[in-house]
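Chain by chain, the residues:
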Amino acid sequence: MQNGRNVQDLLGFRERQGSDMGSDVLTERAWGSTSTSDPSSTRTTNASDATLPDPTPIIPYWSAKRHLTCGNPAPRSSSARLFAWRGSAPGKLKTANAALVLCLNIDTNPCSALECWALEAIGSNLQHQFEGLSLKIPYKPILDPSYEDLRRFSKDETPTPSGELWCFNRNYTQYIPVSLMEVQTWLGSPGVYIWDCSAAGHLLTNFITFAERRDQDAFTTRGGYADGMQPYMNSLQLAACAAHEQLPTCPELPADVFTSCLTSPIDIALRYFIMTHHLPNNITPDMVMQLPGDLKDRRTPLGELNWIFTAITDTIAWTTFPRDVFTRLYRSDLLIASLFRNFLLAERIMKNYHCTPHTHPPLPATNTHQLWAAWDLALDTCLRQLPELLTKTPGASSSPPSPVTGTGARSGHIGQRGSSGAPNTEKPYQYIPSRFFTDQLTAFEVWISRGGSALTKRGPLSLPLQNGGDRCDTPDVVNGTTAPDADLVPRKPPDQLPIVLQVLLSQPHRLRALILLSQFVDLGPWAVNLVLTIGIFPYISKLLQAAGQDLRPVLIFIWARILAVDPSVQVDLYNTGGFKYFANVLATQEDNELPNSSEHKAMCAFILSAVARDFYNGQMACWRERVFDACSERLEEGDFLLRQWSALCIAQIWDSNDEVKVYGVDRGIQDKLILMLSDDSPEVRSAVLYALSTFMGAAGGKGQGGAGTGTQYQLEERIHFRMEVAVATGATLAVRDDASPMVRKELLVLISCLVREWRGHFVVCAWMYWEEDRRWRAGEPHTHSHHAEEEVTAQALGEWLDGFGDDEGSREENRVLLSSFFTIFVVLMELTIDPYHEVATLAQTVMDYIFALLIASPFAKLNLVPPLPVDHKPAGTNGVHSRVSSAQGSPLIQHPPSPSLSRPSNTLRRTSSFANTLRHLAGGIPFPSSDDARAPPSPYASPYSRPPTPSRDKERERDLTSPPISPTVGTANFLPSHVMEALVEEDMVRLRARRRGGAHGRRSAGSGLGHAGGSAGGGLNSPCESTFSMDSNVSNVPLGCGTGNGLRDVLPLKSSFFAWCCEYFTEPQMRQTEADEPGSVQYNYQVWRQQRNEQVITETQKQAIVAESSRWDRPVANLHVNSHPLCMAMHAYDPHLVIANDNDMISVWDWTQRKRLNYFCNGNPKGTSITSLHIINQDVGGIIMTGAADGIVRLYRNYDPTLNQGPLQMVSSFRALHELVQVRRGSGLVLDWKQSGGTLLIGGDSRIIRVWDAHTETQVLDLDTNCESPVTSITSDQGSSSTFIVGFADGLVKVFDRRLEEEDAIVRSYHDHHSWVQNVKYHPRISGQFLSASLAGEVRLWDLRGSDTAAQAWDLHHAGLSTFDVHSQTGVFATTSALAPANFRHQRLMVHSVSDSSPLSTLNLPTGLSTYPPRPPSPYIPRHTSFAFHPMEMLYAVGQPDGSVKITGCKLT
């Protein structure tokens, strides 16, 4: 099992003595930071983190994320949309100016002792209070205004129920009513209204009524408001009380207590605290009013209280209000945020005086929130230090404060002290800061470390729904993996999240807060979105300007998470210059300056790639900061993740950017990338191909792509041409045989770029391939009478090359270039029949594009591209098996077009994919083929297909059934060489147009250069009778052919690899995955498996000793599989038996329950067979590995539906052998799997044995067999030995050592056998010995340390041997007799001990046959029956021709 690292290890911090930071929050990377291989190849185990026994650290091969997704990002459903955190319009508000309008009627008697008598002083003081909220906004006091003054601003004492205000006339002689409708007209929308008067609810409700009426009229009559104006309902209102309530008249509080709470919350809070709490005897209310400090200085008591108050009110709002309301009120404007924060205090105080403040939009009640208790505690803790602060602080005075002269509490009233005459000689009192923030951080840490990542069912303890709707804020994919239960969602976030934001303002707490914040965002995209909604973005942006080295790791981690969830912040990083922070880290050469340097530099490369993606300014900024050069240097680092993201960053910087591409070519970056295609990591190889694809014109972002490598104005035209071809050819040859489907997918994207830009060359290659294919299918003999027709392609090629005159250099250059195109074309044809369906579909898309161009090309006028039936067999091909899909409609695999059998490797590979493509182009008209009934309907639909019409159907059918048209027959006045010349010249004209069109700089992303071309040389008439080819970006260019004019442009292909890689930074890194988390269902299951496996091993070790001398005839189970079982494999620990039959179907059985669990098609072509069958990763579950005679290895997971792990899935497939040799009697594909080393040995109908590494998914070694006969069996030692043993069809047995050079790899050869070696197996108990058996019935025991003669021999079946196997745990082997005409109704089975000459058991098994079968069911398997020992238990299974499978065991007692 994989354990994560401690968070301090990831971020680079060591735990300090006495630190209260938790150490039990773990971090996880899927592989070690110094690994250069498969992410699944390295696991780290920390025993101190485990509370339960860890499962055995067995490496599960082909189980990494890339195998489960093939580089495709997880789909996000509509419910996965995250909440917009920027406060976009109409919710976004910015306060421009403010008016303070007072109508006080000063002739009345005051009801409050604190009310001020001077009107001007009141107005000035009120302005001063509001300026304490925001100094950037101009405030204008308007005191006792007249009606005319009120037309601009309005505030009154007591409104009427009908929503009228009353003000004086200009002479102050009478009151004039003013309707709220007029106020709305004067002020416009939106606005913020504070109604501080009795019965203020009348104003609020009537304002809403008038606003709704206005908005409805505007939308009805004018269809809405003009730009820049918002509906009146968007205005904000704060009312002091309801319509039926009066303002409080408490003498201890100001008369305008509502306004005082909004503008001077700390002053009023202290007053209210004095009134409602008993203070210690030595603290008086007058002392409280002298609390020292500055509101803006958090180090002082007053400033700290203000800081705590802001954090608490923010948190109350966050935990109570809907998300959109919180963002609108608290994260859009500083003044509005302050008012609504302070409103919470007003609500708490005034409700105790029978006043209920109201707002619009309406807000839930918060006066009883539990955090008010924390506020009271903070006040109490602070006030208890007050006597010492006042007596020991210089300048403090114990004299009572002067009478209040302003309305309410003045800003700065608290803390204003007079100066005493006598100096204070005592030592100043050191204020003890509050533990509020420390305690809140501890609570936040406890939430994270004690199940913060756990999922729960929807309810009060789960993540709240968006704004009270029916959708949760979390995506369906949680933490990068699909949740096992769809109804499970993340837990409710901790209440302390807004407090953590406030703590970032404090230098002492900042590092701890950032570490905790990084652990929180590590929980998934939903956590990142919550943090952004809280408002962390401005703070985290400013921290990039901090010079502290200790913040670097955690800031890099958090920013990587933010950009992975919301790439739009790239603009913010560019505008603020924050990207330079990460550019400097990436360019740092000293690794000791940054802990876990490689990992953090990889994150920086990701961040910078996100800044450059689809953003020209970001690309150029990164280029100017030398990010491109830094990434180039990091391509050679040891950490695969850094190499991967360095390549991806290069890809995004030069995507559709001609200037950077020129810069890269000047420094040979493309050549450096091609050399990296041999990297050990499939992710790195895919990233390199992605970078080369964007270099060649693929879109790295949202654009369409195109335009090749850009202008490359520094290169000559032909050099530019050769460079593009060299890049594509080098990449194709490097990874064409890669075992990773993800890598092959990216190769197709790269090839599609070349096809789009040089389509004319590919049309020529397609025509040449078609001509060769046509002659091969027609079976034309190579005689002199057909010489002219056979050499039509060679003649055309020669005439085309003659057009270059006597310039041998040009002739050779063009011949080599065309050969390179043809090589890529042949590889593309091979990929159309790739065993992995997604790869095959992409290749068919590219090939359809080429074939559509071919059909529309002038070659069609020469009658050189007639469609031919695919089942037309050439003469002289007896014994060659046709390859048409044998699928009967598999529930698992949508099979790619079926391949035809390959001829020897020095000729062109034959495939029916061309005919399949033409079938798509013909609109679905079937080609006549006797095997079409077996082929499943293809899920691939050509983008160039059209619906058939009856008249076209009949005409096309006549064409399809007519004999091939001779290429010499035609009415055109031009030759194939002329068409070649026109197509090639058209490509060059397109290149010239591209170089001219992009000479002025960057080309916009997604712009393509269309189908520009050039005129045919020699004054030739236009072969396709076209004059121009319209291009979307370039002016009309005269062409010779107009190739692709009007054709739907689907190239270049679009890659999703970058988006898939970005998912890495949305997955957990600081904690264990669910499967590794102690107590989880997956973890408990693996612990149970480990304990069960250990118990099986212990029991079988005891049984193995007894089994060597016991009978092996105990019946266990009988199965009937309804087919001929050819290959069988038994699971070592689960009761599973996997059977491959003669119809290429695979069935999985639970032999204890006699129940079939699964049944699916392997997908190999008709005429081939499954010749090898293994179960790998048996310790942790199992993956079925099959090898078929077509040279392809396929792997399947989730074959046991009882485990509810999902549907059956092909995790990978690849062509393990290309060089299949046609022999009269072949063995197909023979493979041996070594679990301990992840090594796959492949042999069969080939002259080589290929060694594949499952870690890297690459071929490691090719060893020549030095034998003309096919390989029939391979076995390797399951230990650490590098030797393996190979049996051949001619009876040879050879021992190979992979450590030696290829010519010295064969270390021993044995010649005792004279017929087909059926199997070779190592001795299970004695090292250095192995057994072999041949079809002649001979069994031999060999000693590698002895002579070349057998140490022991058995001649068991004189009529021939059918199967042979050795038990892997005990010294027992078994053989079955071959079926003969004289004895085919029964088969003799013998179980022998290696140490005894007499058999332990002999059984005569009925075959169920009524007649003798003249030949085996498979031409690759020279037997009629199958046999397999159980890997652990003392059992074996025998499959008979009638479909019966008998499982028999050893009698141990």
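Scoring rules and cut-offs
- Residues numbered from 1 in each chain as written.
- Predicted model: local features only at pLDDT ≥ 70, side-chain atom pairs only at ≥ 80, totals over all residues.
- Heavy atoms only, no water.
- Buried < 20%, exposed > 50% of the residue type's maximum accessible area, 1.4 Å probe, protein only.
- Helix = DSSP H or I, 4+ residues; strand = E, 2+ residues; numbered from the N terminus.
- Pairing = 2+ DSSP bridges.
- Axes fitted to C-alpha atoms, helices over the stretch in contact; angles between N-to-C directions.
- Contact = heavy atoms within 4.5 Å.
- Patch = residues over 30% accessible without salt bridge, like charges linked within 9 Å, V, L, I, M, F, W, Y side chains within 5 Å.
- Areas by Shrake-Rupley, 256 points an atom, 1.4 Å probe, with all protein chains shown as cover.
- Salt bridge = Lys/Arg side-chain N within 4 Å of Asp/Glu carboxyl O.
- Disulfide = S-S within 2.5 Å.
- Parallel < 35°, antiparallel > 145°, perpendicular 65-115°, else oblique.
- Left-handed = near helix turned anticlockwise from the far one by under 90°.
- Nonpolar A, V, L, I, M, F, W, Y, C, P; charged D, E, K, R; others polar.
- Core = buried A, V, L, I, M, F, W, Y, C linked by side-chain atoms within 4.5 Å.

Asker: Honestly, the pairing of strand S22 (residues 1183–1188) in this entry has me stumped. Any pointers?
Answerer: Strand residues, when the strand is regular, have side chains that alternate between the two faces of the sheet. Most of S22 is tucked away, with 6 of its 6 residues classed as buried. The sheet contact formed by strand S21 (residues 1170–1176) and S22 spans 6 bridges and is antiparallel. Residue Ile1176 lies in a different strand from S22, and its bridge partner there is Ile1183. Between the antiparallel neighbours S21 and S22 lie 6 residues, among them Asn1177 with a positive phi of about 55 degrees. Here S22 hands over to strand S23 (residues 1192–1197) after 3 residues, with Gly1191 in that stretch at a positive phi of 85 degrees.

Asker: Is there a simple way to explain the sheet that holds strand S32 (residues 1306–1310) in this structure?
Answerer: What holds strands together in a sheet is hydrogen bonding between their backbones, with the strands either parallel or antiparallel. With antiparallel pairing, 4 strands are arranged side by side in an open sheet as S29-S30-S31-S32. Since the sheet does not close on itself, it has two edges, and those belong to strand S29 (1271–1276) and S32, each with one partner. The mean angle between the axes of side-by-side strands here comes to 20 degrees, regardless of whether they run parallel or antiparallel. Across 4 bridges, strand S31 (residues 1293–1297) lies against S32 in antiparallel orientation. When the sheet's bridge partners are listed, Val1293 is paired in S32 with Tyr1310.

Asker: Explain helix H25 (residues 627–634) here, please?
Answerer: Note that an α-helix has 3.6 residues per turn; residues three or four places apart therefore point the same way. Counting buried residues along H25, 7 of its 8 residues qualify, which places the element largely inside the surrounding structure. Those residues of H25 that sit buried are Val627, Phe628, Asp629, Ala630, Cys631, Ser632 and Arg634. Buried residues along H25 sit against helix H22 (579–587), helix H23 (597–612), helix H24 (616–624), helix H26 (640–653), helix H27 (658–666) and helix H28 (669–675).

Asker: I would appreciate a short explanation of the sheet that holds strand S19 (residues 1145–1150) in the present structure.
Answerer: The strand order across the open sheet formed by 4 strands is S17-S18-S19-S20, and the pairing between neighbours is antiparallel. In this open sheet, the two edge strands, each paired with only one partner strand, are strand S17 (1125–1130) and strand S20 (1155–1161). Strand-to-strand twist of the sheet, defined as the mean angle between neighbouring strand axes without regard to direction, takes the value 20 degrees. Of the strand pairs in this sheet, strand S18 (residues 1136–1141) and S19 are connected by 5 bridges, and their pairing is antiparallel. Bridging from a neighbouring strand, Ala1140 pairs with Ile1146 of S19.

Asker: Help me understand a nonpolar patch on the surface, please; the structure alone is not making it clear to me.
Answerer: A cluster of nonpolar residues, Ile1105, Val1106 and Leu1452, forms a patch on the protein surface that exposes about 230 Å² of accessible area. Looking at the secondary structure, you find Val1106 in helix H41 (residues 1081–1107).

Asker: Honestly, unusual backbone geometry in this entry has me stumped. Any pointers?
Answerer: Comment: phi is negative for the bulk of residues other than glycine, and the bulk of peptide bonds are trans. Across the junction of His360 and Pro361, the peptide omega takes the value 5 degrees, indicating a cis bond. Mapped onto the fold, Pro361 is located in the loop between strand S9 (358–360) and helix H13 (371–383). The residue Asn596 is not glycine, and still its phi comes out positive at about 50 degrees. For Asn596, the location among the structural elements is in the loop between H22 and H23. We note that Asn1177 has phi near 55 degrees; this positive angle belongs to a residue other than glycine.

Asker: So what exactly am I meant to see when it comes to the state of the cysteines here?
Answerer: Between two cysteines, a covalent bond joining their sulfur atoms is known as a disulfide. Scanning the model with the defined rule gives 0 disulfides in all. Between Cys241, a free cysteine, and Cys355, which holds the nearest cysteine sulfur, the sulfur-to-sulfur gap is 5.1 Å. Its sulfur unpaired, Cys1061 is 7.0 Å from the next cysteine sulfur, which belongs to Cys1062.

Asker: Can you help me understand the packing of helix H34 (residues 792–802) against helix H39 (residues 976–997) in this one?
Answerer: The relative placement of two packed helices comes down to the angle between their axes together with the axis-to-axis distance. Running from amino to carboxyl end, H34 crosses H39 at an angle of 55 degrees, the nearest separation of the two axes being 8 Å. Here H34 is positioned oblique relative to H39, judged by the angle of their axes. In this structure, the crossing between H34 and H39 has a hand that is right-handed. Contacts between H34 and H39 pair Ala796, Leu797, Glu799 and Trp800 from the former with Pro976, Ser977, Met980, Glu981 and Val984 from the latter. Classifying every residue of the contact of H34 with H39 by side-chain character gives 6 nonpolar, 1 polar and 2 charged.

Asker: How should the nonpolar core be read in this particular structure?
Answerer: Taken as a class, soluble globular proteins show a tendency for nonpolar side chains to be buried jointly. Counting residues in each nonpolar core, the largest one holds 271 residues, and the members touching the most others are Trp375, Phe520, Phe582, Trp645 and Phe825. Other than its neighbours up to four places away in sequence, Trp645 contacts Ala602, Ala605, Phe606, Ser609, Phe1058, Cys1061, Cys1062 and Phe1065. Core analysis: the next-biggest nonpolar cluster, separate from the first, contains 21 residues, Met1185, Phe1214, Leu1217 and Leu1220 among them.

Asker: Before we go on, may I ask you to explain the packing of helix H12 (residues 334–350) against H13 in this structure?
Answerer: Two numbers describe how H12 lies on H13: the axes approach to 13 Å, and their chain directions differ by 90 degrees. What the angle tells us is that H12 and H13 run roughly perpendicular. Contacts between H12 and H13 involve Leu344, Leu345 and Arg348 on the former and, on the latter, Trp372, Trp375 and Asp376. Among the residues making up the contact of H12 with H13, the classes are represented as 4 nonpolar, no polar and 2 charged.

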